Amino acid sequence: MDYKQLWEGVLTRLSPVIGKAHLLSFFKDSIISRFENGVVTIAAPSTIACNFIRDRYEVKLFQMVREMDPDVKQIDFEIQGGLADAEHPSKVDMSKFGGMQARERKVPNKQEVLLEDGMRSKMFNPRYTLQNFIAGTENRLAHAACMAVAAKPGDIYNPLFLYGGVGLGKTHLLQGTGIEIKKNYPNKNVVYMTSERFINEIVEAIGKKHTSSFKDRYRKVDCLIVDDIQFFGNKASSQQEFFHTFNELYDAGKQIIISSDRPPRELDELEDRLVSRFAMGMVVELQLPEFETRMAILNAKCQEYQVFVDREVLEFMAYNVQTSIRELEGILVKAIAEAQLTDTTPTIKSVAEAIRRLNKDEELKGFNVDLSKRMTVRTSDDVIDLVVAYFKLTRSDITGEERRKQVMVPRQICMYLIRELLDHSYETIGESFGGRNHTTVLHACNKIGIEMDKDSRIKRDVNALKREIGV
């Protein structure tokens, strides 16, 4: 059995256990690099991916490898930085697992559309693509409409009118559609702009008496994308110019895409003739994302930023930030940035504090700890309770004889923290852990002290635990 066949069999067994998001985020580009003397070596392209795979799934992977080949006696892990970029004969096609697509991390170059007379559109944000838009059941129609328009601009769904509240992804879809049209039709003139930009250009053209050249410029485009059309309200000149531009483009079979915070019939400040034209095409609402969609968005962002955040923490974010995708991503970015600055890992408490700072009066769900108070650590039992909750273990795991790494390391961290925070003697600490002797506790404390300088994951865990109690 070759390495690729062995690893594909292991991943096939693992995928139902961990889910698509983690499989794609952390096992993408991983391989079996060696199989010598009964030892299978698993290689990953980054420290984050390698640590995640080893810390979370070492036992399961060993069991699954043994199922595939009983001669395996041990598994080991290593980092091969070039795996993410290079082709490798042992790489597994990740699209085989439940229709997952191994997405390319590279994003398009920044695009600015330049017309022949020097007019420039607003630059597209290369992060906004139709491929990385998370389309849950509530917004699948909007995404499908944009894909259809990008495939045949001016031929179907013209005009395309997207509406919805703030932060639900309208700009993402508009810019993603523009980028996709440019990709499919490089020679087409695609112009994306905000309504504010359009208004400012009209005001400038009137002031400089260049309205005729302004009209000529916009009526030469192949696709005009205007964001937040509601701001045309009560601006008669802008509405009049846009009405004529709309008619010229529509009659010429050019694509028009518009977004608003309301459906056409509720745009009371706009002229009826404009509203009627918006309504004659495809009108699609972007709705609030459901919990599953919010989780998918958070997992995708963690993959994009190449960070690992515990699933329970992500679930807490998704459960408590429901009104806006932009706000949801903002909370995640704040949590990641704060964790990196303090060399910790995001926890439910740190995320709750970030949400509370943003929405001071909002009641957080699934969280019953008073954020105004820090946990007080007075005894070794207090530290054990803290570590047990953080690592999602039981008290008997920490104080018992279990020697799996997933339990051994938290136990050693617990001993280290008791020694550092409470200054208990090694003998006293040992008594709290089933009567372990002085040498065992000394070894644990020294080992964690050394490992904190070498293993960033251990250092972040220790710092996060200290932060929980305000140290």
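Keep in mind that this is a model prediction, so the values were computed, not measured.

Strand residues, when the strand is regular, have side chains that alternate between the two faces of the sheet. When you tally the buried positions in strand β6 (residues 223-227), you get five out of five residues, the bulk of the element. With burial as the criterion, each face of β6 is covered, one bearing C223, I225 and D227 and the other bearing L224 and V226. One ladder, built from five bridges, connects strand β5 (residues 190-194) with β6; its direction is parallel. Residue pairing for β6: M193 is matched across the bridge by V226. Two elements, β6 and strand β7 (residues 255-260), share four bridges in a ladder whose sense is parallel. Across the sheet, C223 pairs through a bridge with Q255, a residue of β7.

Time to look at helix α1 (residues 3-18). With 16 residues, α1 ought to run about 22 Å at 1.5 Å a step, and its terminal C-alpha atoms sit 22 Å apart, in line with that. If you look at α1, its biggest bend is around 25°, right at T12, and the proline P16 turns up within four residues after that. Within α1, burial applies to L6, W7, G9, V10, L11, L14, S15 and I18.

Among the structural elements, S33 can be located in strand β1 (residues 31-36). A relative accessible area of 17% means that S33 is categorised as buried. Separated by 2.9 Å, the side chains of S33 and E78 make a polar contact.

On to the environment of E87, then. Positionally, E87 belongs in the loop between β3 (74-79) and α4 (140-151). E87 sits in the exposed class, given a relative accessible area of 77%. Spatially, the C-alpha atoms of E87 and D29 are 9.2 Å apart, while their sequence positions differ by 58 residues.

A separate point is the sheet that holds strand β4 (residues 160-163). Within a beta sheet, neighbouring strands are joined by backbone hydrogen bonds and run either parallel or antiparallel to one another. The strand order across the open sheet built from five strands is β5-β6-β7-β4-β8, with neighbouring strands paired in parallel fashion. A single partner strand is all that each edge strand has here, and the edge strands are β5 and β8 (282-285). Ignoring which end each strand starts from, the neighbouring axes of this sheet average 15° apart. Where α4 meets the sheet, it contacts β4, β7 and β8, and its direction lies at approximately 150° from that of β4. In the packing of helix α6 (residues 195-207) onto the sheet, the strands contacted are β5 and β6, and the crossing angle to β5 comes to about 95°.

Here we come to the sheet that holds β1. Read from one edge of the open sheet, three strands run β1-β2-β3, paired in mixed fashion. Every interior strand has two partners, whereas the edge strands, β1 and β3, have only one. On average, each strand axis in the sheet is inclined to that of its neighbour by 25°, with strand direction left out of account. Pairing geometry for β1 and strand β2 (residues 39-44), over five bridges, is antiparallel.

On the secondary structure map, F232 appears in the loop between β6 and α8 (236-251). Residue class for F232 comes out buried when judged on its relative accessible area of 0%. Along the sequence, F232 and E196 sit 36 residues apart, while their C-alpha atoms lie 8.0 Å from each other. Non-local contacts of F232, meaning those with residues more than four positions away in its chain, are made with S195, F198, I199, S238, Q239, F242 and L270.

With that settled, consider the packing of aromatic side chains. Across all of its chains, the model carries 11 aromatic pairs by this definition. Measuring from centroid to centroid gives 6.4 Å for W7 and F27, while their planes differ by 35°, and the two rings are tilted. Placement of the pair is W7 in helix α1 and F27 in the loop between α2 (20-26) and β1, with a sequence separation of 20 residues. Across the pair, exposure class does not vary: W7 and F27 are buried alike.

Chain-level pLDDT for the protein is 82 on average; 88% of the residues reach the 70-or-more range. Within the protein, the element-level pLDDT minimum falls on helix α7 (residues 211-218), averaging 71, and the maximum on β4, averaging 95. Confidence over residues 99-110 falls short of pLDDT 50; this stretch has 22 contacts with residues more than four positions distant or in other chains. Below pLDDT 50 for its whole length, residues 112-120 participates in 24 contacts with residues either more than four positions away or in separate chains.

Cut-off values and rules
Residues numbered from 1 in each chain as written. Predicted model: local features only at pLDDT ≥ 70, side-chain atom pairs only at ≥ 80, totals over all residues. Heavy atoms only, no water. Buried < 20%, exposed > 50% of the residue type's maximum accessible area, 1.4 Å probe, protein only. Helix = DSSP H or I, 4+ residues; strand = E, 2+ residues; numbered from the N terminus. Pairing = 2+ DSSP bridges. Expected span 1.5 Å × (residues − 1). Bend = angle between axes of the 7 residues up to and from the residue. Polar contact = N/O pair within 3.5 Å; in protein donor to acceptor, adjacent residues only side chain to side chain. Axes fitted to C-alpha atoms, helices over the stretch in contact; angles between N-to-C directions. Contact = heavy atoms within 4.5 Å. Phe/Tyr/Trp six-rings, centres within 6.5 Å; stacked < 30°, edge-to-face > 60°. pLDDT = per-residue confidence, 0-100.

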